[in-house]
Amino acid sequence: MKQVLILFPDTFLWLKDNTGLLYNAKSFKKDGFNYTTALRSLCSALLFVDNLYTIEIEPENLTAEEVKFVDLVIRKKYGFITEHPAKAYSLPPVLSIQNDIKKMELNLSRSVNENILKYLTTLTIYTGGRFPGPLYYRQTYYPFHSESRLENSEILNFLDHIHSRYIKKINIVFSRIEAINFLISLSGKLKAAAPKVVYYCHVRELSDNITSILTQLDITTILICEYEPASLTALRDFLEYHRGLHPFEFNFLIRSQTEYNYWEHLVSQYEIKLYKYIPIYDNNYAFFNRFVFLNKEDINSVALSKRIVFAHQSVNINFFGELILLPDGLVYSNVNKPPIGCMQDSPYDLIKNELHKNYAWRVIRDQEPCSECVYQWLCPSPGQYELILGKNNLCTLK
Ligand code: SF4
């Protein structure tokens, strides 16, 4: 007797080579299975677009492997069986960005311009100034060393020029903070330009004056904390002075287990609540391999909504929507790639350049070995570590 097998709209079925994966984005359950020749016609039929996750089956004619697969689908609630003819279908949604990009390629019209402006939501500005040291700005928000720095007026002109109501966040990454007035006059204008403003300041740059100004500004300040003597002394002094009342947030950079242990101890000793650990690659492959790369257990604990899985398939969640201004006046979508323009360019041109060149915003896991892996869309979007390490995957699986 004919029946109908339907996958739930929250179920993803991914097939690669000899491996298959079922994932339910509501229950977050996932089950791998051997994608053998015997399952090919059943699984391909389920994935055929016109079938809408729905296929007819005749249970008495299924092979043993197909029975096992259908049983897995029903038992683990990836789908259900109903009588023929079916009254229900599933339809996975698609993100509209793909349409906008196609439209843009066909016709760079005014309305498309308006549409793409909404993609730019975050601006990050590296003020520059002397800060000799490692090039960690390629991995995280970290001071950028340059002989010259952007003047207040240059930053404000850039913001005026690129202004749009879609910009929700402005990050300012300081190198050397020489003028206190610079901080005060800048902050008022920044707050008018975006709902959220974040100052990134290296802990070594803190002085009593700067701390007291920063605490009064009603702006989120994140202290970049590095495990080296001068920074540790500055940080300890700061924490002692502000014991139990931390006006700032903290980004603790980690290059080894020793550093991690040190920060953990500090966090508990000073009861720090708002902090992040940021792994930094600095010829410490063994540390990355052990503590940063995803392993099977990490991937098994992934719990992503359908929306995020689809986002992974279309855009880079780490980079999408952000443009970065470096002190030389060039604008980047990714500081590890060539610039997409300069601070005098219109926001439309900058966004269009990025959408055409795709240095960051739509960089997804579509390269080997990820393109051949069933976890392709469950793994996080590629980040800077892949570029720094020169590999496409950040896991111990391949
Ligand atoms: S990083 Fe790539 S290869 Fe590794 S598990 Fe994720 S998708 Fe697969």
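On a predicted model such as this, the values are computed, not experimentally measured, just so you know.

What counts and what doesn't
- Residues numbered from 1 in each chain as written.
- Predicted model: local features only at pLDDT ≥ 70, side-chain atom pairs only at ≥ 80, totals over all residues.
- Heavy atoms only, no water.
- Salt bridge = Lys/Arg side-chain N within 4 Å of Asp/Glu carboxyl O.
- Helix = DSSP H or I, 4+ residues; strand = E, 2+ residues; numbered from the N terminus.
- Buried < 20%, exposed > 50% of the residue type's maximum accessible area, 1.4 Å probe, protein only.
- Near = heavy atom within 4 Å.
- Nonpolar A, V, L, I, M, F, W, Y, C, P; charged D, E, K, R; others polar.
- Pairing = 2+ DSSP bridges.
- Axes fitted to C-alpha atoms, helices over the stretch in contact; angles between N-to-C directions.
- Contact = heavy atoms within 4.5 Å.
- Domains from an automatic or database assignment.
- Buried area = accessible area lost by both parts, 1.4 Å probe.

Student: Please explain the pattern of salt bridges as it appears in this structure.
Tutor: One side chain can pair with another of opposite charge once the charged atoms of both are near each other. Under the definition given, this model contains eleven salt bridges. We note a salt bridge from R176 to E205, for which the minimum N-O separation is 3.5 Å. With R176 in the loop between strand 8 (169-174) and helix 6 (180-193) and E205 in the loop between strand 9 (196-202) and helix 7 (208-216), this residue pair connects regions lying 29 residues apart in the sequence. For R176, a relative accessible area of 34% corresponds to the partly exposed category. The partner of E259 in a salt bridge is R255, with the nearest N and O atoms 3.0 Å apart. According to the relative accessible area criterion, R255 is buried, its value standing at 16%.

Student: Please explain the site of the ligand as it appears in this structure.
Tutor: Taken together, I299, C370, C373, Y375, Q376, C379, N393, L394, C395 and K398 form the complete shell of residues around the ligand. Taken together, the residues that form the shell around the ligand break down as seven nonpolar, two polar and one charged.

Student: Got a minute to help me understand the sheet that holds strand 4 (residues 30-34) in this structure?
Tutor: Strand order in the open sheet formed by three strands is 2-3-4, and the pairing between neighbours is antiparallel. Two strands in the sheet have a free side with no partner beyond their single neighbour: strand 2 (11-16) and strand 4. Strand after strand, the sheet turns through a mean of 15 degrees between neighbouring axes, direction not considered. For strand 2 and strand 3 (residues 19-24), the ladder comprises six bridges, and the chain directions are antiparallel. Across the sheet, the residue bridging to L13 is L22, located in strand 3. In this fold helix 1 (residues 37-47) packs onto strand 2 and strand 4, with an angle of close to 130 degrees to the strand it touches most, strand 2. The sheet contacts of helix 12 (residues 306-314) involve strand 2 and strand 3, and relative to strand 2 the element is tilted by about 35 degrees.

Student: Could you clarify how one ought to interpret the domain arrangement of the protein chain in this entry?
Tutor: Frequently, the measure chosen for interface size is the accessible area removed from exposure when the parts meet. As assigned here, the protein chain comprises domain 1 (3-83) and domain 2 (109-362). Domain 1 and domain 2 are separated by 43 Å when their C-alpha centres are compared. Contacts between the two partners involve eight residues from domain 1, matched on the other side by eleven residues from domain 2. Summed over both partners, the interface of domain 1 with domain 2 buries about 690 Å², with 59% contributed by carbon and sulfur atoms. Area buried by domain 1 at its contact with domain 2 is led by F12, F28 and K30, which between them contribute 57% of it. The residue D10 makes a salt bridge to K306 at a minimum N-O spacing of 3.7 Å.

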